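Each chain, letter by letter, is given below.
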Amino acid sequence: MSQKEKAIVLDDQAIRRALTRIAHEIIERNKGIEDSVLVGIKTRGIYLAKRLAERIEQIEGKKISIGELDITLYRDDLSKVTDDQEPLVKGSDIPVDVTNQKVILVDDVLYTGRTVRAAMDALVDIGRPASIQLAVLVDRGHRELPIRADFVGKNVPTASSERIVVELKEVDGLDQVSIFKKE
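The notes below deal with the structure included here. This structure is a prediction, so every number in the text was calculated from the model and none was measured.

Let's shift gears to the overall build of the protein. Summing up its helical and strand segments, the protein has five helices and eight strands in all. The linear arrangement of helices and strands in the protein, starting from the amino end, is β-α-β-α-β-α-β-α-β-β-β-α-β. By the compact-globule yardstick of 16 Å for 183 residues, the protein fits well, its C-alpha radius of gyration being 16 Å. Oriented by its inertia axes, the alpha-carbon framework of the protein measures out at about 50 × 40 × 30 Å. Sequence separation of at least 24 residues holds for 71% of the intrachain contacts in the protein that already meet a minimum separation of 6.

Once that is clear, we can look at the nonpolar core. Grouped together as the largest cluster of nonpolar side chains are 30 residues, with contacts concentrated most on Leu38 and Leu137. Considering every element that reaches this core, the biggest residue donor is helix 1 (residues 12–29), with eight residues. The contact partners of leucine 38, leaving out residues within four places of it in the chain, are Ile26, Ala49, Leu52, Ala53, Ile56, Ile64, Ser65, Ile66, Gly67, Ile104 and Val106.

So, on to the sheet that holds strand 3 (residues 65–69). With parallel pairing, five strands are arranged side by side in an open sheet as 3-2-4-5-6. Two strands in the sheet have a free side with no partner beyond their single neighbour: strand 3 and strand 6 (151–155). Each neighbouring strand pair of the sheet contributes to a mean axis angle of 25°, computed without reference to strand direction. In this structure, strand 5 (residues 131–139) lies alongside strand 6, joined through four bridges in parallel fashion. Among the inter-strand pairings, alanine 135 is bridged to a residue of strand 6, identified as phenylalanine 151. The sheet strands contacting helix 1 are strand 2 (36–41), strand 4 (102–110), strand 5 and strand 6, and the helix crosses strand 6 at an angle near 150°. In the packing of helix 4 (residues 114–126) onto the sheet, contacts are made with strand 2, strand 3, strand 4 and strand 5, and the angle to strand 4 comes to roughly 155°.

Examined against the element boundaries, aspartate 172 turns out to sit in helix 5 (residues 169–172). Residues aspartate 172 and arginine 114, spaced 58 residues apart in sequence, show a C-alpha to C-alpha distance of 24 Å. The residues touching aspartate 172, leaving out its near neighbours within four places in the chain, are Arg44, Val166 and Glu167.

Reading the values: rules and limits
- Residues numbered from 1 in each chain as written.
- Predicted model: local features only at pLDDT ≥ 70, side-chain atom pairs only at ≥ 80, totals over all residues.
- Heavy atoms only, no water.
- Helix = DSSP H or I, 4+ residues; strand = E, 2+ residues; numbered from the N terminus.
- Rg over C-alpha atoms; globule rule 2.2 N^0.38 Å.
- Contact = heavy atoms within 4.5 Å.
- Core = buried A, V, L, I, M, F, W, Y, C linked by side-chain atoms within 4.5 Å.
- Buried < 20%, exposed > 50% of the residue type's maximum accessible area, 1.4 Å probe, protein only.
- Pairing = 2+ DSSP bridges.
- Axes fitted to C-alpha atoms, helices over the stretch in contact; angles between N-to-C directions.

Right under this line is the structure:
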């Protein structure tokens, strides 16, 4: 089934503005960044977490810890995702103990909520955070689980037949969020 680009919903400037706003909201909600850690969900969530950390440091004048979370083995759709191949586990790297920390999970798109549920399961296996918050660049709706983002770059209502594609310079060579229609 082919797909056709319907529209660009965020360009590089819009992504930059959204991340700056999210950084301010994270600081405000948590009354600073004490006992806080950003944890990016592989793959694009990691790069978004790093960008948020840079902005938070510019605003607060202090560094915030950043971690990487691989949720491959926690997915409930593993058999569908891997097509009977062994899952590729990239490993998690969280340089601080998350116990009693305010963990802000960072991902590119919030859709059904299953990725976030898997990330929370993986996180709780590592330690017991004081709280878990969720920051996403795009919330496209269609939740299957009772999960909502605390910080959203842009809400993009979509049809089930549409797909959101997030491209980041670190992975794809450009910053852009597009919506595609299945043909």
